[in-house]
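Residue strings, one per chain:
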Amino acid sequence: MGESSKILEEVLELQDAESQECKVMALVELSDLIGAIALYLEKHHPETSLEDLVVMSQITRRAFKNGHRS
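A few points on the structure. Source: prediction; values computed, not measured. (Residues numbered from 1 in each chain as written. Predicted model: local features only at pLDDT ≥ 70, side-chain atom pairs only at ≥ 80, totals over all residues. Heavy atoms only, no water.)

## Quick notes on the overall build of the protein chain
Here is step 1: For the protein chain, the count of helices and strands is 3 helices and 0 strands.
Here is step 2: For the protein chain, the α and β elements follow one another from N to C terminus as α-α-α.
Here is step 3: In summary, the protein chain has a C-alpha radius of gyration of 14 Å against a globular reference of 11 Å for 70 residues, an excess of more than 25%.
Here is step 4: Considered along the principal axes of its C-alpha atoms, the protein chain spans approximately 40 × 30 × 15 Å. (Helix = DSSP H or I, 4+ residues; strand = E, 2+ residues; numbered from the N terminus. Rg over C-alpha atoms; globule rule 2.2 N^0.38 Å.)

As structure tokens, this is what we get:
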């Protein structure tokens, strides 16, 4: 727990759910992935929250949409 290997494990489980075309299982794995990321942050970057990552994600998404970061 709290390691990138756990994040990878959850991604692999998500891919397995997708290959089985099981939408509910995929959603569960996405939820588990969020939990694994949260534990990683707590252990390795305790000053950073999931909300901080969401903000950065939104900035990156906007940059791709607009062609640059503002």
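## Overview of the side chain of E10
Here is step 1: For E10, the position within the fold is in helix α1 (residues 4-19).
Here is step 2: With residues up to four places along the chain from it excluded, the contact list for E10 reads E29, D32, L33 and A36. (Contact = heavy atoms within 4.5 Å.)

## Some details on unusual backbone geometry
Here is step 1: If you check the backbone angles, E21 has positive phi at about 55° while not being a glycine.
Here is step 2: Within the fold, E21 resides in the loop between α1 and α2 (23-44).

## Focus on the environment of C22
Here is step 1: Secondary-structure assignment places C22 in the loop between α1 and α2.
Here is step 2: Residue classification places C22 among the partly exposed residues on the basis of a relative accessible area of 27%.
Here is step 3: Along the sequence, C22 and F64 sit 42 residues apart, while their C-alpha atoms lie 30 Å from each other. (Buried < 20%, exposed > 50% of the residue type's maximum accessible area, 1.4 Å probe, protein only.)

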